[in-house]
Amino acid sequence: MVTTTSSELGAELYRSLGLTDDEFARIKTILGREPNRAELAMYSVMWSEHCSYKSSRIHLKTLPSEGPHVLVGPGEGAGVIDVDGVAVALRLESHNHPSFVEPFQGAATGIGGIVRDVLSMGARPIALLDPLRFGPLPAEQIGDAKVAERNRVLVEGVVSGISSYGNCIGVPTVGGEIKFEGTYSGNPLVNVMCIGVAPKERIMKARAEGVGNKVLLLGSTTGRDGIGGVSVLASATFGEEAEALRPSVQVGDPFTEKLLIEGCLRLIELGLVVGIQDLGGAGLCCATSESAANAGTGMRLDLGQVALRESGMEPFEILTSESQERMLVIVEPKDLDAALAECERMGLRASVVGEVTDSKRLEVVSDGEVVADVPAASLGDGPVYDRPIERPSWVDALSSETIEPPDDIEAGLMKLIGSPNIASKRWAWEQYDHQVMLGTVVRPGADAAVLRIPGTSTRIAVTTDGNGRYCYLDPRGGAQHSVAEAYRNLSALGAEPVAITNCLNFGNPERPEVMWQFAEAVRGIGEACISLGTPVTGGNVSFYNETGDVAIYPTPIIGMVGVMPEDVVVPGPGWRKEGDVILLLGATGQELGGSEYARTVLGKVSGKLPALDLEIERAVGTVAREAIRAGLCMSAHDLSEGGLAVALAEACAISGLGAQIDLQSETPAWELFSESASRILLSVSESAASRVLEIASNAGVPARRIGVVSAGSLRGPGFDLDVAEISSAFHQSFAAAMGYPSASGESSGNVGYS
Amino acid sequence: MKFRFAVDVMPKKEISDPQGQTVERALPSLGYPGISQVRVGKRITLEVEADSEDAARDLLERASERVLSNPVIEEFEIEAAESSGAGR
Amino acid sequence: MKFRFAVDVMPKKEISDPQGQTVERALPSLGYPGISQVRVGKRITLEVEADSEDAARDLLERASERVLSNPVIEEFEIEAAESSGAGR
Amino acid sequence: MSSRVAVVVFPGSNCEQDAVTAIEYLGSESEYVWHLDTDLGAFDAVVLPGGFAYGDYLRTGAIAAFSPVMEAVRDFASRGGPVLGICNGFQILCESGLLPGALRRNAGLKFRCVPVNLRVETSDSLLTSEYKKGEVIEIPINHFEGNYICSSETLEQLRGEDRVAFRYCDSAGALTAESNPNGALDSIAGILNEGRNVLGMMPHPERAVDPAVGGTDGQAILRSLLKSLTSS
Ligand SMILES: Nc1ncnc2c1ncn2[C@@H]1O[C@H](COP(=O)(O)OP(=O)(O)O)[C@@H](O)[C@H]1O
Ligand SMILES: [Mg+2]
C-alpha cells in the first residue's frame, strides 16, 4: 500500500512542479487519495506540455493523416509509410533548448533521441537531416557583434555535435537547412529528422503485451539527467548533495547508441521482441506506462534492478531520469535467456526491470516497498486545453507595407548569393558522413537528397523546409508555403511526394497571440497537405521558444518524403551543357513581401506574402516530374528564397557554366527577385524544349523560354556577372562567415566557447 | 618573464563521461583488472609571458574559463608546471 | 585497497601539435596575449585496486604504456592523485 | 569452392555492411567475423572496415587493437594472407603494430567527408596490383583522424622499400599542400607492411565501387584483393 502524508504535499509543491490546482485535483480523483512524491513527479512530467501535448492536441487532431502510403500515422514513435513493400519510418523533432545551453552536446543528444524514436518502430535508421535556425553571423553585420559571435559559436558547436554523433553511429546525414534570422539569436532551433527502414511485417509498436512477459532495460546506466523540472521533490536529507550532482547538460554516448541500434535490431530479427519503446522525455515513467497502456496491460517495475550511474538516487529520480541511450524491450519469459545472452555477446548492458501484469496499473517497487501505484493509462491521458486565441493587430500593419525591387540588379544579386542564408552550406555538410550505407544517390547540396531503399527498385527523396519569416507575416499562408516548397523541392528531382512529418516551433502557448499563430499554421499545413496529397504521419511540438517574453517567428518545419523509380536520372540543380535552353515553369508576379531580398538587402521583414494556389503548385510539380521522368531535363531547380535571380545564380555556381537571359519584360528586377510560388527552373536540350513546353501547356501550366546556357557569365537585362565571382560568393561565403576563409575548412580554425 | 603552467580540464563530477566509462569497461578484458572511476579530460601545457607569476596565473585563469574549458560541462585546475614533467 | 592516480598523456616533444597551435593562434584575438608553447594532451583520472601503492602503480604503468597512450606519438606520466583536485 | 573474405566487425564498426556490399558488387562473397572470434582459418583474406570501433573513445583504434580477433589477424598476416584496413581499420592496424606510425587529428581540426585524388605509388602488392603506378584516382575520405605520422627512420624505410601505397594529390597527380586533406606526413594516404600483404588506407575504396553512389575508382583495390585469392 502506498502511504502519504497529505501535509507534505502542499499547493506550493505541486504548483512549483507546474501542475495547476485542477490538475492536482484530477490526480487525487484518479488515485482516490493524495499522490506521494514519486507519483506527483510522474504526473507532473507526464502532464507537462512536452509529454502531453495538452495545448496542441485539439489542433493537431485536425491534420489529415490518412493516405494510400500510410502504414502508421501520428501517435507512435515515428510515422511509417509503405514504399514499394518496405516500411519507411520518419520523424522530426526539436532539441532547441539543450542546444542553446550546450550546442555540441545538445545537438548530439538530439540526434540520439530521434534515432531511438525510429528504432522504436523496429526500423533501421538510414538517414538524418538537420533543419537549423540561428541568429545572424558576424559577417552579416546585423545587430550586436557580441551576439553575432555567440551565434557563430552556436553554429560551430551544433554542426560539430551532429557530425560527431551522426558519424559515429554510422547513419548518414543527407540533408537539412541552416538559416539565419535575428529572432533566433536568443533561441536557436535545432530540429533533427531521421528516416528508417524495416520489412513491413517487422514494424514494432510500443506495446507491453502478454501478462508475465519480462521488461528489459537496455543501454546506458541511469543517472540524475534531465530531472531539473521535478528536482524540488528531492527530500531534505538528499537535497543539497543531490542538487550538486544534478547535471545541467547531458553528454551523448554515440558508441552506446550504436550498440543499441545493432542490439535492438538483432533481438527483433531473432524474433525475441514482443514490444519495444525508446526512453525519451519522462524516461522510464513514460516508456513503461505508455507501453502498458497501449496494450491494455499493467506493469510491475522494480527500481532496484535499474543499473544506476550514481548512488543514492531517489525513486522519483530513477523514474523520471532522462538519461540518454536507453531502450525498453518486452520479451517472453521463454526468450529471456536468449535475449540476455545476445545482449551480452554484443556488449550491450541489459537488465530485467519488471514484468507485465494484468492490473492495468503501473506499480513501482523499490527495496521491496511499493513507491508508486497508479493506473497506467492515466499518465498518458493528461489534460487537454483549448487555449484562448487572438489575432494580433500588428499583423495587418506589417502586411500592408510594400517592397520595391532593387535598381541595381547586380548588387542585389551578389548580396543575396553571398549571404549566409543563401550561400552553400558545404562547410557544414562536409563535416557529416553523408555516404555511409552506400545508399546516398543524391548528396547534400541539391534541392533534396535521394536514397536507395534496399530490397526495392524504388528510391526516396527527402527534404526539410520551413519559412519562419513568412509564417511571422502570415502563419497560415506561411505554413502552406513551407509545405509547398518541400513539395517543389522533391518535384524538382522527379520524385512524387507521398507524406510529411513536422516539427512545430512556437512561443508560449499560454499567450493568445502565439496560440493564434499555432492554430493558423496547423490549419495551413493541413490545407496544403490535403491539396498536395501528402498526409501527416506525425510530428513534434516545441512551445516556449522565447527570448524574454518575445516569441520566435512561428517556425513550422516540414520534413517531406517522396518516391521515384530507381531508373529516374535526377538532373540536379546545375546547368549541364552550353546551348541548352532555359525554361521557367510557373508564373511570376510582383511579389516581394517577406522575401529574402527584402530581409537581406533592405533589412525589412514585412509585406504581403506571395499568392499560393495549391492546385497550381501540384500542376507545376507534376509537369516537372513528367519531364524529368521522360528524360527531357538536363537540370531542374526549384525557385524559393531569392526567386529567379538566386536560382539562376545557383545553377551557374554549381556548374561553373553561365547563362544568357532574356526575360522579355519591362520590369526585369521584379521578374528576378519576386518570390512568386510554384515555379521551377529547367534546362533542356534544344530538341527537347518543345516537348517540355507541350507537357506544360497540356497541364495548363505557364511555361516559357527565358534564355540559354552559356559559358563565363550570367547575363541579362541590367546584369552581367562573372560566373567565377558568383561561384566564389556562393561557395565560400558561409565558410568565411564562420571564420574559415578558405572553403575547405582547412584554415586556422576557431576555438572557444563563450 | 615567462611562466610555465599546466591546465587540467576534466568533465564536471555530475556530468557523465561515456569515454571514461567505456575505457573502464574495456580494461579488464585487456588484462588490466581493478581499475575504476575512470574519467578522461584534457591537459594543456603552456607558457605565459607576464610581469609576475600572479599576473600570469590571473590571465590564464580567465583564458581557461573562457577558451580552454567549457564551463557548462567542464571544470579546470591550474598547476605551476614544475609539478609535472609530461610534455615539456 | 584503492589508490587514486592521474595519468597525463601528452604529444611527444618532437611532434607538432596542430590542436595546440590552433589554440595558441586564437588566444590573442580573444583577448589573451602572451600565451605560447601550447600543447594539448589528455588527462585520465582513475582508481586502482591493489595490495600496495607500488603494485597499483605498476599495473597502471603497464596499462598506460599499452592502452592509455600510444608510444609512437605520445608520452605519459603518472601522478598520485593527491597532487590534483580536478575531476574527483 | 570460392575463396572467402572475412570482414571483421568490432563493437562500433559501421562500414562493415558497405564492405560486404562492395565485394558482392564485384561478384564475390564475404562474411562477418565478430571481434571475439579467434579463428580466421576458413578465410583467404581479411578486411578491417571503417567506422568507430568503441566510439573512437580514448584514441581511434586503441581499444579495438586489443580485441581477441587481432591476434588471429596478426597470425593471418604473418602467414602472408592479404589484409586490408580501411579508415578505422587502418587506425586499428597502426595501433596494434601491424603497420608502423599513427593517425592523428586532421590538421584542420574538422571531420571531413569529401572525395580526394590519390596517386597510386606502387602496384607491387597483393592489394594494389590492379592499378598502374602513377595513376590518379578519386576516392572519398571520411575521417577526423587521418593525419598520418611516423618517425623519420620509419618514413625512410617506407620510402626506401616502396611501401607508400597512395598519396593525396591534385587532379594532375602533383603533391600540393591544398590537396592534402588532413596534413598527413609526406601526403601519405595508405601504406603497406614489410610483407606487402597488409594495406592500411584512410580513403574508403568501398565507397567508390558502384557508379550510382560514388564512382568506380576504388574497384581495383578490391579486385586486387580478390584476384590474389584466386591466383594463390
Ligand atoms: N544543415 C545542413 N545539413 C545538411 N545539408 C544541408 C544543410 N543545410 C543545407 N544543406 C544542403 O543544401 C541544400 C540546399 O539548401 P537550401 O538552399 O536551404 O535548400 P532549399 O532548396 O530548400 O532552398 C539542401 O537541400 C541540403 O542538401
Ligand atoms: Mg531548393
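Residues numbered from 1 in each chain as written. Chains lettered and ligands numbered in written order. Predicted model: local features only at pLDDT ≥ 70, side-chain atom pairs only at ≥ 80, totals over all residues. Heavy atoms only, no water.

Asks: Which parts of the structure should I look at to understand the sheet that holds strand β2 (residues 35–49) of chain C?
Replies: Each strand in a sheet pairs with its neighbour through backbone hydrogen bonds, running either in the same direction (parallel) or in the opposite one (antiparallel). Read from one edge to the other, the open sheet built from 6 strands follows the order β3(B)-β1(B)-β2(B)-β2(C)-β1(C)-β3(C), with strand pairing classed as antiparallel. Only two strands of the sheet have a single neighbouring strand rather than two, namely β3 (74–80) of chain B together with β3 (74–80) of chain C. With strand direction ignored, the average angle separating the axes of adjacent strands in the sheet is 25°. Of the strand pairs in this sheet, strand β1 (residues 2–11) of chain B and β3(B) are connected by 7 bridges, and their pairing is antiparallel. (Pairing = 2+ DSSP bridges. Helix = DSSP H or I, 4+ residues; strand = E, 2+ residues; numbered from the N terminus. Axes fitted to C-alpha atoms, helices over the stretch in contact; angles between N-to-C directions.)

Asks: I keep staring at the packing of helix α19 (residues 475–491) of chain A against helix α22 (residues 614–629) of chain A and nothing clicks. Help me out?
Replies: The axes of two packed helices give the description: the angle between them and the distance between them. Residue and element names in this part refer to chain A. In the contact formed by α19 and α22, the axes pass within 9 Å of each other and the chain directions differ by 10°. Regarding the angle of α19 to α22, the classification is roughly parallel. Contacts between α19 and α22 involve Gln480, Ala484, Tyr487, Arg488 and Ser491 on the former and, on the latter, Leu614, Glu617, Arg618, Gly621, Thr622, Ala624, Arg625 and Ile628. Taken together, the residues of the contact of α19 with α22 sort by class into 5 nonpolar, 4 polar and 4 charged. (Parallel < 35°, antiparallel > 145°, perpendicular 65-115°, else oblique. Contact = heavy atoms within 4.5 Å. Nonpolar A, V, L, I, M, F, W, Y, C, P; charged D, E, K, R; others polar.)

Asks: Can you walk me through the site of ligand 1 in this structure?
Replies: All names here are of chain A. Close to ligand 1 lie 17 residues, the nearest being Asp130, Gly445, Ala446, Asp465 and Asn489. Within the side chain of Asp465, an N or O atom sits 2.9 Å from an oxygen atom of ligand 1. At the level of secondary structure, the elements contributing two or more residues to the shell around ligand 1 comprise β5 (173–180) and α19. Here the shell around ligand 1 is built from residues that sort into 5 nonpolar, 5 polar and 7 charged. (Near = heavy atom within 4 Å. Polar contact = N/O pair within 3.5 Å; in protein donor to acceptor, adjacent residues only side chain to side chain.)

Asks: How should I be thinking about the interface of chain B and chain C in this particular structure?
Replies: Often, the extent of an interface is quoted as the loss of accessible area on bringing the components together. Taken together, the contact between chain B and chain C spans 42 residues of the former and 42 residues of the latter. Together, the buried faces of chain B and chain C total about 3400 Å²; carbon and sulfur atoms form 60% of this surface. Where chain B touches chain C, the interface holds 2 salt bridges. A salt bridge links C:Arg43 to B:Asp8, with the nearest nitrogen and oxygen atoms 3.1 Å apart. For the pair chain B and chain C, the interface holds 10 residue pairs in polar contact (both at pLDDT 80 or more). Listing elements by their share of the side of chain B that touches chain C, those giving two or more residues are β1, β2 (35–49), α2 (53–68) and β3 of chain B. When its residues are assigned to classes, the side of chain B that touches chain C shows 19 nonpolar, 8 polar and 15 charged. Taken together, the 11 bridges between β2(B) and β2(C) define a ladder with antiparallel strand orientation. Pairing of B:Arg43 across the sheet is with C:Gly41, part of β2(C). (Buried area = accessible area lost by both parts, 1.4 Å probe. Salt bridge = Lys/Arg side-chain N within 4 Å of Asp/Glu carboxyl O.)

Asks: Would you mind showing me how to read the pairing of strand β10 (residues 326–331) of chain A here?
Replies: Successive side chains on a regular strand alternate, one facing one side of the sheet and the next facing the other. Residue and element names in this part refer to chain A. By the criterion of burial, β10 is predominantly enclosed, with 6 of the 6 residues buried. Burial along β10 is two-sided: Arg326, Leu328 and Ile330 and Met327, Val329 and Val331, pointing in opposite directions, are all buried. Relative to β10, strand β8 (residues 275–278) runs antiparallel, the two sharing 4 bridges. The residue bridging Ile276 from the neighbouring strand is Val329, located in β10. (Buried < 20%, exposed > 50% of the residue type's maximum accessible area, 1.4 Å probe, protein only.)

Asks: Can you walk me through the packing of aromatic side chains in this structure?
Replies: Each pair of aromatic rings is reported with the distance of its centres and the angle of its planes. Tallying each qualifying case throughout the model produces 17 aromatic pairs over all chains. Between A:Tyr597 and A:Phe673, the ring centres sit 5.3 Å apart and the planes meet at 45°, which makes this aromatic pair tilted. Of the two residues, A:Tyr597 is situated in helix α21 (residues 596–600) and A:Phe673 in helix α24 (residues 668–673); the sequence distance between them amounts to 76 residues. Accessibility classification places A:Tyr597 together with A:Phe673 in one group, the buried group. Ring centres of D:Phe90 and D:Tyr148 lie 6.1 Å apart, and the angle between their planes is 15°; on these two criteria the pair is classed as stacked. Here D:Phe90, found in helix α3 (residues 88–95), pairs with D:Tyr148, found in strand β8 (residues 147–149); they are 58 residues apart in sequence, far enough to count as distant. Residue D:Tyr148 is classed as buried on the basis of its relative accessible area, which comes to 0%. An aromatic cluster of at least three residues, connected via ring pairs, comprises A:Phe134, A:Phe180, A:Trp427, A:Phe734 and A:Tyr740. Lying over the aromatic face of A:Phe734, A:Lys425 brings its terminal NZ or CZ to 6.0 Å of the ring centre. (Phe/Tyr/Trp six-rings, centres within 6.5 Å; stacked < 30°, edge-to-face > 60°. Lys NZ or Arg CZ within 6 Å of the ring centre and 35° of its normal.)

Asks: Please clarify how helix α20 (residues 512–532) of chain A should be interpreted in this entry.
Replies: Residue pairs three or four apart in sequence face the same way in an α-helix, which turns once every 3.6 residues. Residues and elements named next belong to chain A. Here α20 is 21 residues long and its end C-alpha atoms lie 30 Å apart, about the 30 Å a rise of 1.5 Å per residue gives. Burial analysis of α20 places 16 of its 21 residues in the buried class, the great majority of the element. Just downstream of α20, Gly533 is the residue with a positive phi angle, here 70°. (Expected span 1.5 Å × (residues − 1).)

Asks: Would you mind showing me how to read the environment of D:Tyr148 here?
Replies: Taking the C-alpha atoms as reference points, D:Tyr148 and D:Met202, separated by 54 residues in sequence, lie 9.1 Å from one another. Every residue in contact with D:Tyr148, bar those within four places of it in the chain, is listed here: D:Phe90, D:Cys94, D:Pro100, D:Gly101, D:Ala102, D:Leu103, D:Leu158, D:Ala184, D:Leu185, D:Ile188 and D:Ile191.

Asks: Got a minute to help me understand the sheet that holds strand β3 (residues 45–48) of chain D in this structure?
Replies: Residue and element names in this part refer to chain D. Here 9 strands make up an open sheet; going across it, the order is β2-β1-β3-β4-β11-β10-β9-β6-β7 and the pairing mixed. Strands at the two margins of the open sheet, each flanked by one partner only, are β2 (30–34) and β7 (136–143). Sheet twist, expressed as the average angle between the axes of neighbouring strands with direction ignored, equals 25°. Across the sheet, α3 lies against β3, β4 (83–86), β10 (188–192) and β11 (198–201), angled at about 115° from β4, the strand it touches most. This element, helix α4 (residues 152–160), spans β9 (164–169) and β10 of the sheet and lies at about 75° to β10.

Asks: How should the side chain of C:Ser64 be read in this particular structure?
Replies: All names here are of chain C. Position of Ser64 among the secondary structure elements: in helix α2 (residues 53–68). Given the relative accessible area of 0%, Ser64 is considered buried. Sequence-distant contacts of Ser64, defined by excluding residues within four places in its chain, comprise Val7, Ser69, Phe76 and Ile78.

Asks: Which parts of the structure should I look at to understand the relation of the copies chain B and chain C?
Replies: In this structure, two copies of a chain are linked by a rotation about an axis accompanied by a shift along it. The operation relating chain B to chain C is a screw motion whose rotation component is 179°, with 0.0 Å of axial translation and a residual RMSD of 0.2 Å. Taken together, the rotation and translation describe the operation of a two-fold axis. Relative to the rotation axis, the C-alpha of B:Lys42 is the closest in chain B, positioned 2.1 Å from it. (Least-squares fit on C-alpha atoms with pLDDT ≥ 70 in both.)

Asks: Help me understand the side chain of A:Ser676 in this model?
Replies: Residue and element names in this part refer to chain A. Note that Ser676 resides in the loop between α24 and β25 (680–684). One polar contact links the side chain of Ser676 to the main-chain amide nitrogen of Gly589, over a distance of 2.8 Å. Within the local environment of Ser676, its side chain forms a polar contact with the side chain of Glu591, the two groups lying 2.5 Å apart. Apart from the residues lying within four places of it in its own chain, the contact partners of Ser676 are Ala587, Thr588, Gly589, Glu591 and Pro610.

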